[in-house]
Every structure is written in structure tokens, then in C-alpha cells.
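Structure at a glance
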Amino acid sequence: MKKQQIIKAIGFCIISLAITSTSAAPSSSPMDLPSANNNRQLVQFSQKVVDPSEFAKKANPVKAESQEYWFSVNGSELKKGISVDVSGSDSLISLSPKAALHSKNKSMANITKASQNLALDLDLVEITLPNGATFKGENAMSFKADSKQLANTGFAKGTSAFKLDKSIKVKKFSLKTSQSVDDGQEYLINVLEKNSPFKLKMELHDQQIIAGEKLFAMVKMDNQGKRITLGKTKAQFVSPGGQIFPAGLSSDKSGALVFDKVVNLPFAKTAGLWELQISTRGQQADQTIRRNSKLAFAYQPKTAELNNSSEKLKVANSGLSYDVNVNVNHPGRYEVTGLLYLVDNAGSKKAIAIARSAKWVEPGSETIPLVFNNSLLPDLQKGQRFEIGQVGLNDQSRMSVLQ
Amino acid sequence: MRIASIFLAFFICFSSTASAEKGLAFVHGTGNNNDALNDYWTQSMVNSVVAGLPNPSNYVVINCNFEEYMWTDAAAGCLAGQLTTFINNNNISDLVVLTHSNGGNVMRWILSNPTWDARYPAIINSISKVNAVAASSLGTPLANAVINGTVFEQILGWILGYASDAVRMQQTSWMAYYNSTWLLGTSGRPALPVIFRNVVGSDVDSAFWDSDSYCGGYAYQLALEFTQNWLDSCSDGFLNCSSQAGAGSLWFYDTWRTKGGEPLSHHQSRRNCFNLDTILRNDL
């Protein structure tokens, strides 16, 4: 009995540890992911192809150039004065209260009202230069817009913004407010420098990452082609739901920062894209350049794949059909696509139509038929034949382009 | 007998043609609209444009929630439902869709994903063209600016209190992803199945002494003049010209055809400013 109790206890411990480990780790099961499409109906569509080269699957690179940075401060810091680095004329500074952080009532109406009440009055903003010269309100501003003027622009409610007057040529200044704001109230400060020669350049080689694939990202800062070495840098992956994971970048010989490895992230439970977000600074002589940038990418599980068993084009009532076989690991709505080629007697191919079919599929092997409508089919001349190619597979439930 | 057969054939042919109807759908931009007719477009704009239809009552003003991602039931699903009802109830076989701003993206979602929903193929087959005014096809740096520094947390919602999923989606690198995967019609991608042509707004006039600055509302012009600081020199205050012309084909830049060669700000391009309504009406 005692032996059995010990075995039970050990088993209980093991199970407890397993549950603990599982609950500590974020879910990575595609079964838990939000579904963008639960439609059960088979839907088929075919159309003429104009330029077949546009259907070739290719990587989806994306680039960004940033001449801006943003950071958060609290009311106490704003009343004492915060340091703002600038590296070009006409810098545009916007100030937005983070009303929702401290509101007990999270309704949009309440947050909107709270934001307006927390808006910073630009007439109470004071700018002090390194030489001690101080400017109050619009005396330092070539252009300003208060929160009411920006209310219809799409910016966060309560945002006010101004441009630093061109005559003020400094590399940094102190900004403070004499407004009575709560010490703990947070504000987002955004500095946009369209006339700055310093640009943070960021690129992703592919925005579509299926689990197990590598993500390649590069970040570098240039001043009109001259490389600026990056100093303190914070790089993070941010999920669609706001979860943050550190992204370890490494330096290459050119002074750029690189991420070039298989991504190990949990699958997001919220619809939308992941982002790689960078906050960094560079230094050129006594000029500090602060920059933020970010790029989005899709990170999804491999929920199904094409079964490359050979099939043939068949004549159907409505045209030509082709059965696409798929192996599905997780239930969802899957779409197959395929190009129809007209092949002449010399073997030369020309894509003439594309067909798409989607339906709900449970785990296992399944056939999804493509149908090319009769109206798209030319009469075959002697020696000509039709051929199928570039068969693709998409997961419409998780919005993954699988193959 | 032969003459009777010819007459009968002619009658049948004419009857078939007469029963096919031309219709127009107004598709609004970002926002959750319950009364887009009055709030988004205005009655005078709609009345002026639909006067170009063979039957001026054959129009629908869409009211959907385009604060959501374009593929959701509330956005594309809602649009598909209202278009389907309109097409079926009015026997529409020649549908012209007029979109503004993000409405172009939601429409393009339907056109690019015909198998997503059983209603989509019939809608696509009914559409003769989409006239996309100030379309947000490549997104906008303004959406980047609105979202920058914000962290969406499911519990807290948007910390800065404004941004929506639609704004999030219109960030430039987000639209780059959707354009390269789920949406058709941009450079290097397969063409859309219907004509999708763009009207591009190229500037914002906000001079207080210029009466043109007051068309649509002066307060909007001032705000859009400021937001141009985040954009290229060719922009309508919300979108760069490159984004507006990013999908489909270019129909015209505002100054090419508007009265007095006036630019259309992002707000003015949904109003009967500078003969835009006349141009759209005559196109029908």
C-alpha cells in the first residue's frame, strides 16, 4: 500500500509539474488560434489570367526608413523637464496622453473624454536650449496644433503637436510643462525629423514566416550613405495581442544589426500581425540620434500541406476539373489554387486561367476540386493540350499562405 | 412566319436587355457608420452622383463597421451582405462601386478572395468597375504615427484611446504584407478581376482667404494641412498619392479634371467639391 501511495504521489508530482509547465508557457496549438473564417461551404471561382508571371510565389520583402523616435514619460518628468535630441530642422514633436492606462473605466467614450482633459496646453510648454535660453509656448514653434485641432485627424484624442522653429539650431533641448499634471500620468512623446540626414533603415527579407522557417532582419543607420554605429539598442517581437518577447540581434562586420535564425515564438491568440520593433541610438561626434522603427510579419503554424500525388485534368459539366489532394493537420477552411496552361505541340506553355476552391476540411487527407469554367477554355488546336501548374494552398482560417 | 420569328427574337433580346439594371454602391472609409448617407457622403453629394444612373433610385449607401479588419464579418461580411441584397432586390447586372479611403481595401478584399464567402463570386460577376477615390491601398504613414508607441493589450484596449484594428491594418508595413499575400492589384501581383481605377487627391488647401478651403469644412482642411507633415509632398492630408494609386489603375489626379484644377483633400474627396460629383455622375 505504501509503495502504491509513493507511486501515486510521484505520478501526481509529475502531472502537477506538467500542468505547471504548460500553463506557464504560452499556448502554441493551432487549435487555440482565432479563426478568421469558419465558412463551411465549398466555394469555387475561376477567371482569365492576364500576366502569369505575377502568380509566381515569391518572398515578400519589406523595408522601412525611419527619421523618428518615440518614448514615454510621466507627469513628474515633464514638469522637471525632459531631454529631446534633434538632428535636423523643423522637427515635429507630438505629445499624447496615455489616458487608458490609468482609467478605471475603459470604455472608448470615457477614454476619449479623459484624453481630452489630459491634453497638454502648448502655451504652457517651455523649451530650454543648452545655452540656457528659454522659450515659452509658441515663441519656439513655427507651427502648432492643439488637441481640438487634431481631433479629426485620427491621432489619439488629447494629442497636441508643434514644429520647432527653424531658427533654433540645437542638437538637444529640454522640454517641460508648467501645467498641473499628475506625476504618474504617462505621455507618449513622438519626434519626427523629416529634414534629418540620419535614417534608420530596417528590412525583413520575407514577411510570411511559417513555423520552423528563418526570419531575416537587418537594421542599420546611415547619414547620407555613411554608416553610423548603433549603440544601446532594444529589439523586441510584439505579438498581435501585445505580448513582448526579446529579439536578440547580433552585429555584423558592417555595423548593422542582424536577426537571422528560426523564430521561436508562440502562436498569437489575437488576429493580426507580429512586429519586430527597434529602439536605438547612434552617435556622430556630439550628435546623439535616437530612432525607432518597426516592421510587421505574419507568423503562423503549418496546418496543412499539399499531397503531391499525381492527378489528371478531367472534363466536368462546367468545364475542366482537377482534384487537389491535401493533408490537413488541423481543422479549418482551406483554399487551393491552380493555373491552367495551354501547351502547344512544341511544348511551349502559356497560362490562360486560374481556379480557386475553398472548403472546410477536418484533419486527414482530403480532395478539394478546382474547376476551370468552360467560358475560359479555348478550342484546342491540333497538338495542343491543357496542363495544370503552380498549385497553391492557403489556410483561410488562420490566414496563412502555406504553399 | 419568318418575320414573326425575327420579331419574336428581337422582342426576347430587347426584353432581356431591358430587365438588366445598372446600379451604384457608395462604400465609405474607416469608421463605424450607421448613417453614411448623411454623415459620410452627404445627401447632396449622393443625389448629384446618382442622377447619372438610368434609374436614379438604383443606388445603395453602405453602412458597415470598417473599424474592424477588412476580412471580418463586420467589414467585408457586412459589405457583401448589403451588396448582395441590393443586387438581388434590384436585378443589378452592372454594378458600379464608388469607394472612399479604406472602403477601397474592403472592396479589394472581396475582389481578391472570391472563395472566402459564397456571396463573393456573384458580387464580383455583377461589378463592372470600382471607382476608388482616395483609396488607402498602400496604407499611410499616418497610421504608423497613430500606432507608434502604442501597445495593444487585450485587457486595456488601445492605450492611446483611439486606434482601431482598421487603423492598425493601414500601417504601411501591414498593408505591404496584405498586398503581397491576400490582396490583388498592386504592382507585381495578379490583377483584380474587375476594373479598379483611382482618383487621387494631391494636396490640401487651407488658406483662409481662399473660398476653396471651405468646401467640405474649413476645420478639416486645417487638420489635414497639419497631418501633411507626416506625408510626402503629394498627398491629400491622410494618404500619399502613391498609396492612392497603389492598386488597380490610375483614372485621374484631382487637378487634371476638377473645376479650377483644385486639389481634393481627403475630406473633400467625399463631397461635391470642385465638380467631383459631376465627374462621377457623367462616368455613369
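Here is what the cut-offs are and how they apply
- Residues numbered from 1 in each chain as written.
- Chains lettered and ligands numbered in written order.
- Predicted model: local features only at pLDDT ≥ 70, side-chain atom pairs only at ≥ 80, totals over all residues.
- Heavy atoms only, no water.
- Helix = DSSP H or I, 4+ residues; strand = E, 2+ residues; numbered from the N terminus.
- Buried < 20%, exposed > 50% of the residue type's maximum accessible area, 1.4 Å probe, protein only.
- Contact = heavy atoms within 4.5 Å.
- Areas by Shrake-Rupley, 256 points an atom, 1.4 Å probe, with all protein chains shown as cover.
- Axes fitted to C-alpha atoms, helices over the stretch in contact; angles between N-to-C directions.
- Left-handed = near helix turned anticlockwise from the far one by under 90°.
- Nonpolar A, V, L, I, M, F, W, Y, C, P; charged D, E, K, R; others polar.
- Pairing = 2+ DSSP bridges.
- Parallel < 35°, antiparallel > 145°, perpendicular 65-115°, else oblique.
- Disulfide = S-S within 2.5 Å.
- Salt bridge = Lys/Arg side-chain N within 4 Å of Asp/Glu carboxyl O.
- Buried area = accessible area lost by both parts, 1.4 Å probe.
- Polar contact = N/O pair within 3.5 Å; in protein donor to acceptor, adjacent residues only side chain to side chain.
- Phe/Tyr/Trp six-rings, centres within 6.5 Å; stacked < 30°, edge-to-face > 60°.

Before going further, it helps to spend a moment on the overall build of chain B. Regarding its fold elements, chain B presents 13 helices and 8 strands. Within chain B, the proportion of its 284 residues that are buried is 62%. Partitioning the contacts of chain B with sequence separation of at least 6, the portion at a separation of at least 24 is 73%. For chain B, the accessible area works out to roughly 10,100 Å², and carbon and sulfur atoms hold 55% of it.

Time to look at the packing of helix H3 (residues 43-50) of chain B against helix H13 (residues 276-283) of chain B. Residue and element names in this part refer to chain B. For the pair H3 and H13, the least separation of the axes is 7 Å and the interaxial angle reads 35°. The chirality of how H3 crosses H13 is right-handed. Across the interface between the two elements, Met45, Ser48 and Val49 from H3 touch Leu276, Asp277, Leu280 and Arg281 from H13. Looking at side-chain class alone, the contact of H3 with H13 contains 4 nonpolar, 1 polar and 2 charged residues.

Residue and element names in this part refer to chain A. Strand order in this open sheet of 4 strands is E4-E10-E6-E7, and the pairing throughout is antiparallel. The sheet is open, and its two edges are formed by strand E4 (82-85) and strand E7 (134-136), each paired on a single side. Strand after strand, the sheet turns through a mean of 30° between neighbouring axes, direction not considered. As paired elements, strand E6 (residues 125-128) and E7 share 3 bridges and run antiparallel to each other. Considered in E7, the bridge of isoleucine 127 is made with phenylalanine 135.

Right, let's talk about the sheet that holds strand E16 (residues 230-238) of chain A for a bit. In space, the 5 strands of this open sheet follow the order E13-E21-E20-E16-E17 (chain A), with mixed pairing throughout. The sheet terminates laterally at strand E13 (208-210) and strand E17 (244-246) of chain A, the two strands that pair on one side only. Direction aside, neighbouring strands of the sheet carry axes that sit 30° apart on average. Each of E13, strand E20 (274-284) and strand E21 (287-300) of chain A touches helix H9 (residues 172-181) of chain B; the most contacted strand, E21(A), lies at about 30° to it.

Residues and elements named next belong to chain A. Here 9 bridges tie strand E25 (residues 332-343) to strand E28 (residues 385-395), and the two strands are oriented antiparallel to one another. Its bridge partner lying in E28, tyrosine 341 is registered against glutamate 387. Examined bridge by bridge, E28 and strand E29 (residues 400-401) share 2 bridges and lie antiparallel to one another. By the bridge assignment for E29, asparagine 394 is matched with valine 401. Turn length for the E28-E29 hairpin, with the two strands adjacent in sequence and antiparallel, is 4 residues, and the turn residue methionine 399 shows positive phi of about 55°.

What follows is about the packing of helix H4 (residues 73-90) of chain B against helix H5 (residues 103-112) of chain B. All names here are of chain B. The N-to-C vectors of H4 and H5 enclose an angle of 75°; their axes lie 10 Å apart at closest approach. Viewed along their axes, H4 and H5 adopt a mutual orientation that is roughly perpendicular. Residues Ala75, Ala76, Leu79, Ala80 and Leu83 of H4 touch H5, and the partners they reach there are Val106, Met107, Trp109 and Ile110. Broken down by class, the residue content of the contact of H4 with H5 amounts to 9 nonpolar, no polar and no charged.

A word on the state of the cysteines. All names here are of chain B. As enumerated under the stated definition, the model contains 3 disulfides over all chains in all. With a sulfur-sulfur separation of 2.0 Å, cysteine 64 is cross-linked through a disulfide to cysteine 78. Its S-S torsion of about -85° marks the bond between cysteine 64 and cysteine 78 as left-handed, since a negative value means left-handed. One end of the pair, cysteine 64, is in the loop between strand E2 (59-61) and H4; the other, cysteine 78, is in helix H4, and 14 residues separate them in sequence. Overall, the relative accessible area of 2% leaves cysteine 64 in the buried class. Relative accessible area serves as the criterion here: at 21%, cysteine 78 is assigned to the partly exposed category. Through a disulfide, cysteine 215 is tied to cysteine 273; the S-S separation comes to 2.0 Å. Sign of the S-S torsion, about -100° for the bond between cysteine 215 and cysteine 273, identifies this disulfide as left-handed. Residue cysteine 215 is found in the loop between strand E7 (195-200) and helix H10 (218-227), and its partner cysteine 273 is found in the loop between helix H12 (254-257) and H13; the two are separated by 58 residues along the sequence. Given the relative accessible area of 0%, cysteine 273 is considered buried. Cysteine pairing in chain B follows 1-2, 3-6, 4-5, where each cysteine in a disulfide is numbered by its order in the sequence.

All names here are of chain A. Taken as a whole and assessed by the stated rule, the structure comprises 24 salt bridges over all chains. A salt bridge links glutamate 138 to lysine 144; its shortest N-O distance comes to 3.5 Å. Residue classification places lysine 144 among the partly exposed residues on the basis of a relative accessible area of 29%. Here the residues in one salt-bridge network are Asp123, Glu138 and Lys144, joined through shared partners.

Bringing the interface of chain B and chain A into the picture now. Many descriptions give the size of an interface as the accessible area lost when the pieces come together. With 54 residues of chain B at the contact, the number on the chain A side is 71 residues. Interface of chain B and chain A: buried area, both sides summed, is about 5,200 Å²; carbon and sulfur atoms make up 63% of it. There are 17 residue pairs in polar contact (both at pLDDT 80 or more) connecting chain B and chain A. Elements that contribute at least two residues to the side of chain B that touches chain A include exactly H5, helix H6 (120-126), helix H7 (141-147), strand E5 (152-153), H9 and H10 of chain B. When residues in the side of chain B that touches chain A are grouped by element, the largest group, 7 residues, is from H9(B). Per-class residue counts for the side of chain B that touches chain A are 33 nonpolar, 16 polar and 5 charged.

We now examine H9(B). Counted residue by residue, H9(B) has 7 buried out of 10 residues, so it is predominantly covered. Among the residues of H9(B), B:Ser173, B:Trp174, B:Met175, B:Tyr177, B:Tyr178, B:Asn179 and B:Thr181 are the ones counted as buried.

With that settled, the discussion passes to the packing of aromatic side chains. Following the criterion strictly, the structure yields 22 aromatic pairs over all chains and no others. Geometrically, the ring pair formed by A:Phe245 and A:Trp274 is tilted, given 5.8 Å between the ring centres and 40° between the ring planes. One end of the pair, A:Phe245, is in strand E17; the other, A:Trp274, is in strand E20, with 29 residues separating them in the sequence. Each member of the pair A:Phe245 and A:Trp274 is classed as buried. The interplanar angle of 85° and the centroid separation of 5.0 Å between the aromatic rings of B:Trp109 and B:Trp116 together place this pair among those described as edge-to-face. Using a relative accessible area of 0% as the deciding quantity, one classes B:Trp109 as buried. Grouped by ring-pair contacts, the aromatic residues B:Tyr69, B:Trp71, B:Trp109, B:Trp116, B:Tyr177, B:Tyr178 and B:Trp182 constitute a single cluster.

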